[in-house]
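# Coordinates in review
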Amino acid sequence: MLDIRLIRAEPEKVRAGLEKRGENGAVVDELLRMDEERRARLTELENLKAEQNRLGPQIAQTKKSGGDASALLARSTEIKAAIREREDGVRESDAAQETLLLKLPNLPQQSVQPGGEDAAVILRPASYEPKPFAFEPKPHWDICTSLGLVDFERGSKISGAGFVLYTGLGARLERALISFMLDLHTETHGYTELSPPFVLSRESITASSHIVKFAPEMYHDSESDLFFVPTAEPAIVNVHRDEILEPGALPIKYVAYTPCWRREAGAAGRDTRGLQRIHQFDKVELFRYAFPETSDEALEEMTREGCAVLEALGLPYRIIKIAAGDMSFQGAMQYDIETWAPGTGKWFEVSSASNCTDFQARRGNIRFRREPGAKPEFPHLLNASGVALPRLLATLLETHQQEDGTVLVPERLRPYLGGRERLER
RNA sequence: GGAGAGGUGGCUGAGUGGUCGAAAGCGGCCGCCUGCUAAGCGGUUGUAGGAGUUUAAAUCCCUACCCCGGGUUCGAAUCCCGGCCUCUCCGCCA
């Protein structure tokens, strides 16, 4: 959520930021107008309350000393009615403003280029160029089937299209990758591991602002009004909701594995072959609560930490700097990491790293103190996949497949697969 | 799922209709004292919104907040209703 005071103080800056994302900047004027009216109403109401508060002790004293309080009581009754009336007005103003503010995405940072998907900038590290194959590499769905790693048909039988059943070594490979990544991030990158609930309350999903744009994507249990996590991010945002973090607490680094459920409402039929886009997938998520002044660095680090997974597994990747109009709702700056799937012949997005600045912190009322007694400030919240699994598993199989149909296991992963050097039937 | 108890400031914990933003203690901060990893003494100590002042900040002023939301009342931490959460017992269960 954007700060109404920022909008008040620097409307042009906000307007420019929104327009950079391709949003209509005119909302700024509407907000300013609404805000002015809201404050006028609020002041009027508060003045009435002040008078009523002054009347209270007078009435008590008059009554105690046996005097006639009827005039005071009459006035107080009058004020009571006036307060009731104006309270509705203020409530209305508050709600209208909040509704509008909730719909506004975060402002892009200075360094983010304007434009949409076409304006993405590709940063390609030379040492991780895709390697040529001496034979025709197979797509992962063929490898999965021939090695018995994934049973696509039975997955659909159990839960419908877009759900998969990992079997045997496939299930173990999934588990191995999760463990490997969690260990890497906790032991090498200094993250604290969390295992949060996989369903979230409406309150939580609102604080993380996923409710706004993500709602149609989320599976939802209407009986208990709980949402299946679409990513661990909203769960971790809410860990410190409504808290003031004490001096020394920052930076906080959390890593969590969760399954992720997405209806993929708008994307049915697109890139659905194999493991590219499924309704339930596993993901290891990196998350940081950072000092505002160092959050840019933190984003760079987190992106590198995502890449470290791919490097350790010998997978080619590239980093995409996302343009303003293509960023996630809460992001102010975003990198995507893509890894090459030689069999499918495509780059797969396996990570998205965002600096959400103070956008989520404000919404979730998460603050920190620099020094004991210092004024609370909003930390910057960042998230990065580290990384998403089914696509990782897919590119791993496609990249390390051999001409004989087996798949070579990267050395770093072998301890997690009982020492296996090779996946074979 | 059934029965009971309870949710007060960073923590412990008093407070059952007005003088309560809330006693007391602990902790924190500031100062004094003291030569010893301490104790003592004094003071201070929440958050948010708004108005106004100001170059700006601080101070000052108003409002709100004693789990959340309604209600009763001239007036609610205190009474009533609903919700959420915690604890205990029973039931059920991985």
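Above this text is the structure in question.
For clarity, every value in this text was computed on a predicted model and none was experimentally measured.

Within chain A one finds 13 helices and 17 strands. Each of the three principal axes of chain A carries a C-alpha extent, and together these read 100 × 45 × 45 Å. Surface accessibility of chain A: about 20000 Å² in total, with carbon and sulfur atoms responsible for 49%. Taken as two groups, the 54 positive and 65 negative side-chain charges of chain A have centres that lie 2 Å from each other.

The subject of this paragraph is the sheet that holds strand β6 (residues 220–221). Paired through backbone hydrogen bonds, the strands of a sheet run either parallel or antiparallel to each other. Here three strands make up an open sheet; going across it, the order is β5-β7-β6 and the pairing antiparallel. Each having just a single partner strand, β5 (199–201) and β6 make up the two edges of the open sheet. Pairing of β6 with strand β7 (residues 226–228), which is carried by two bridges, proceeds in the antiparallel orientation. Bridging across to β7, D221 finds its partner in L226.

Turning our eyes to something else, we now look at the protein's contact with RNA strand B. Around RNA strand B there are 23 residues in total, and R5, R8, N53, S76 and R367 lie nearest to it. Taken together, the sugar and phosphate atoms account for 69% of what RNA strand B places within 4 Å of the protein. In this structure, R39 approaches RNA strand B through a side-chain N or O atom, which is 3.1 Å from a phosphate oxygen. Here T43 contributes a side-chain N or O atom positioned 3.4 Å from a sugar or linking oxygen of RNA strand B. Looking at the surface near RNA strand B, the elements that each hand over two or more residues are α1 (4–9), α3 (27–64) and α4 (70–102). When residues in the surface near RNA strand B are grouped by element, the largest group, 13 residues, is from α3.

The rules behind the values
- Residues numbered from 1 in each chain as written.
- Chains lettered and ligands numbered in written order.
- Predicted model: local features only at pLDDT ≥ 70, side-chain atom pairs only at ≥ 80, totals over all residues.
- Heavy atoms only, no water.
- Helix = DSSP H or I, 4+ residues; strand = E, 2+ residues; numbered from the N terminus.
- Areas by Shrake-Rupley, 256 points an atom, 1.4 Å probe, with all protein chains shown as cover.
- Lys, Arg positive; Asp, Glu negative; His and termini not counted.
- Charge placed at Lys NZ, Arg CZ, Asp CG, Glu CD.
- Pairing = 2+ DSSP bridges.
- Near = heavy atom within 4 Å.
- Polar contact = N/O pair within 3.5 Å; in protein donor to acceptor, adjacent residues only side chain to side chain.

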